[in-house]
Every structure is written in C-alpha cells, then in structure tokens.
Amino acid sequence: MGDNEIKITVKFCGRPIPITLSPDSTVLRLKNLLLPLTNVLPRGQKLIFKETLGVAGVTNGVKLMLIGTQGVHQGDGPILKEAQSPITSRKTDRVRDMKMVPVGKTSSERWKATGVIAMAEHNLKAIPDEVWDCSPFIRVLDIRTNSIQCVPDQIDGLTGLKKLLLDANDLSNDSISWVQLAKLKHLTVLSISRNCFYSNDALMMMISLNSLPGILGHLTALQHLDVSNNKLTTLPTEIGLLSKLEVLKANNNRISFLPESIGNCTSLIEIDLSSNLLSELPVTLENLHYLKALHLDNNALKSLPTTLFSKCVQLSTLELHNTEITMDALRQLEGWDDFDKRRRAKHQKQLDFRVMGSTEFDEEVDEEEDPSFLETPGVD
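The structure displayed is predicted, hence computed values, not measured ones.

A. Inspection of the overall build of the chain at higher detail. From N to C terminus, the chain includes eight helices and 16 strands. Counting only residues that meet the buried cut, the chain has 48% of its 380 residues in that class. For the chain, restricting intrachain contacts to residue pairs at least 6 apart in sequence, the fraction spanning at least 24 positions comes to 51%.

Here is the structure:
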C-alpha cells in the first residue's frame, strides 16, 4: 500500500469489507467500489460523508457502516454473509429425495425410436453410458436437475443433437468438454443455467460456472442460449459469431461488461441481462433491428445508447426497474415517441386478452400500477 493510500473497513450485514483508496477519493468513488462487493446500487447505499474521504477525516483503519436501501440493488440482491445459494439448496434437497433411476434396455430402445432422452431429476451423478450407445439417434438430451459433474468428450458423438439441457447440475468451467461440444453443428438450444454448488470437502468452497470459452462461437446454428443464474462476469467476444441466435438469457450473473460484438447477433429477438453489474451498454445494440424485448432490471445503468429506440424499430418491451435511468432521460432519446406507441399498443393487447379471458376485469386499471406493465422504469 502506498504512503498516500488509506485502508478502511466497511461493515455490511455483519460482513467486514476491506477497501483501499486514495485520500482524495469521493464518496461516489467509494460507493462504486462497494457496488460489486455488495450488489447495492450507489443511490441505495447510506454512507454519511459529504466531502472527500480525506477531508472528512477518514484515515487508515477506520470502520464505516453501510446500510442498503431495500429494493435498490442489482444482481441477486444484497450480498450478505457467505451462505449456501438458495437455488443450490433447493436443488440439493430435491435430488437428495430422489432415487437413482436405472437405465434399462427398454429405455435405450425408446431413445433410439424417439430421439429424445428425458432424464431430468433422475439423481444422476454422470451421464449414463447408454446415452453414448444411442448417439446417432439423439436429437434432444434433457438431463436437468441432477448432480452431473462432467460433460465428457463423448458429447461430440451426438452429431444430430439439436437441444441440450444441462440446467441445475454441478458443472464448472473445467468440467465441460467445450472443444467437443462445439462440434455439434446442428445444436439450436443450449441451456446451462443454475450451475452453482458447494464442494463436498471440508472447505465447502463455492464452485460455479463463471466464464464461457470463445469456442462457444463455433455453435453457429444456435438459436437459444440460456446461461442465467451462474457467476459469469462477462460474455466472450466470439458470441458475435452466433448470427442465428434469437434468444439470449444471461440474467442473474455478475456480468459487468458486454462485448461490442453482441451487435453482430443480428437475429436476436429477446435479451435478458437483468440482475447483473452492468453500468453501460455497447452502442452496437442499435444493430439489433429485430430486437423486441430487452430486460435490464437491477443493473447500475445510468443511460442507454442514444440511438436504441430509433434503430431498434421493433423494440416494444424494455425493463429498467432498479436502474438509475429516469423516464425524463428516456423521453429525450431519439425515437422515443415511436417506441412509446409500440409498447402502449402491446400493453393494450395484453389488457384486451385479459378481458377476453376473464369476466372480472377492473376497467379502472392503470398501466403504471398493473403488475404486467414492465416496459418502463419504476419512475414517474
């Protein structure tokens, strides 16, 4: 630590957070440093200092108390004391209650006849060998909600595979044979969400999927990619090679940076980046002319690309709750009026559908109070 730096400890929810910064740092600088460590947005952090930290008398070793305003957070919510992930806990309880389901000859015959392997919630520790025996016939492999720890090299034998569902397992960065998986040229759906778990040793370390390799870009037939509810910090630049990708779900991660190459995914219709650590978006989003829905709730965003509304002419759903973007700022963007007409028309269509489906309907319902109205920020 340099002579001109000060080291402080911020206590948040019973957890000490050490911070090192210069004496001329502003409170905003401190809050921005605390953002990825607490998931509490700067405007929701309560630190009672109005000047620079040096002027305020903050010196080495001082302890500060942080209070996070309820609801003003990003990601999965405030980071509290280290505890087992609720998602992992629920999955573990469910798997514990299940018995191992054996694979018989009739199962293999059925897989070959239908091309579908449906083994979700089968208490699997590994992908059964019988799967590889049926490799040429398989179009769908659904092994969600198990305890599978490895996707082996044999995965490249599923040459006709179109859908691969790996959600809620015990997979990590190094346990997936990405090089072989990337050879699946007909794969259109890859779902690998909720792969966070604790090791079984005495250390009980959190193991998670926190990065994606660039070779992911070789899956050029991919149309639907779900990597939500992991610990990803970014998306690979090579994602721009997925020109046929229509749906990208990367919500509830730790993503702080979005590559400009996302603008090359020109078939995108829906993007969900809610509950991450994003503070800005690449201008290249304007290239997504087919984009209809953009979910950005619970991020540290202060603005949008200025041409988003004028270039993305099909955009009708924009979710910005718990960001720092105001409605006034949105109204200043080029193309706001046309976007506003589209999102109101969509909302009216939703209301009309409710009228048709229910005899009890409140004609006094207000769009800003209606729970389904998520297309604008939670501001007046």
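B. Focus on the nonpolar core. The biggest cluster of nonpolar side chains holds 68 residues, and the ones touching the most others in it are Leu181, Leu304 and Phe309. Taken together, the elements giving at least two residues each to this core come down to helix 4 (129-133), helix 5 (178-181), helix 6 (308-311), helix 7 (327-331) and helix 8 (336-357). The residues touching leucine 304, leaving out its near neighbours within four places in the chain, are Leu281, Leu296, Phe309, Leu318, Leu320, Ile325, Leu330 and Leu333. Counting eleven residues, the second-largest nonpolar core is a separate cluster that includes Ile6, Ile8, Val10 and Phe12.

C. Expanded view of the pairing of strand 2 (residues 15-21). Going residue by residue along strand 2, you find Arg15, Ile17, Ile19 and Leu21 tucked away on one face and Pro16, Pro18 and Thr20 left uncovered on the opposite face. Bridge count for strand 1 (residues 6-12) against strand 2 is seven bridges, and the pairing is antiparallel. Bridged to threonine 9 within strand 2 is proline 18. Hairpin geometry of strand 1 and strand 2 is characterised by an intervening segment of two residues between the two adjacent antiparallel strands and by a positive phi of about 55° at cysteine 13.

D. Quick peek at the environment of leucine 232. Structurally, leucine 232 can be placed in the loop between strand 12 (224-226) and strand 13 (247-249). Spatially, the C-alpha atoms of leucine 232 and asparagine 276 are 9.2 Å apart, while their sequence positions differ by 44 residues. Apart from the residues within four sequence positions on either side, leucine 232 is in contact with Leu209, Asn210, Ser211, Leu212, Val227, Asn253, Arg254 and Ile255.

E. Just unusual backbone geometry, in detail. Positioned with a positive phi, asparagine 123 is a non-glycine residue whose angle comes to about 55°. Inspection of the secondary structure assignment puts asparagine 123 in the loop between strand 6 (116-118) and helix 4. Phi is positive for asparagine 298, which is not a glycine, with a value near 55°. In this fold, asparagine 298 is placed in the loop between strand 15 (293-295) and helix 6. With a relative accessible area of 14%, asparagine 298 lands in the buried category.

Cut-off values and rules
Residues numbered from 1 in each chain as written. Predicted model: local features only at pLDDT ≥ 70, side-chain atom pairs only at ≥ 80, totals over all residues. Heavy atoms only, no water. Helix = DSSP H or I, 4+ residues; strand = E, 2+ residues; numbered from the N terminus. Buried < 20%, exposed > 50% of the residue type's maximum accessible area, 1.4 Å probe, protein only. Contact = heavy atoms within 4.5 Å. Core = buried A, V, L, I, M, F, W, Y, C linked by side-chain atoms within 4.5 Å. Pairing = 2+ DSSP bridges.

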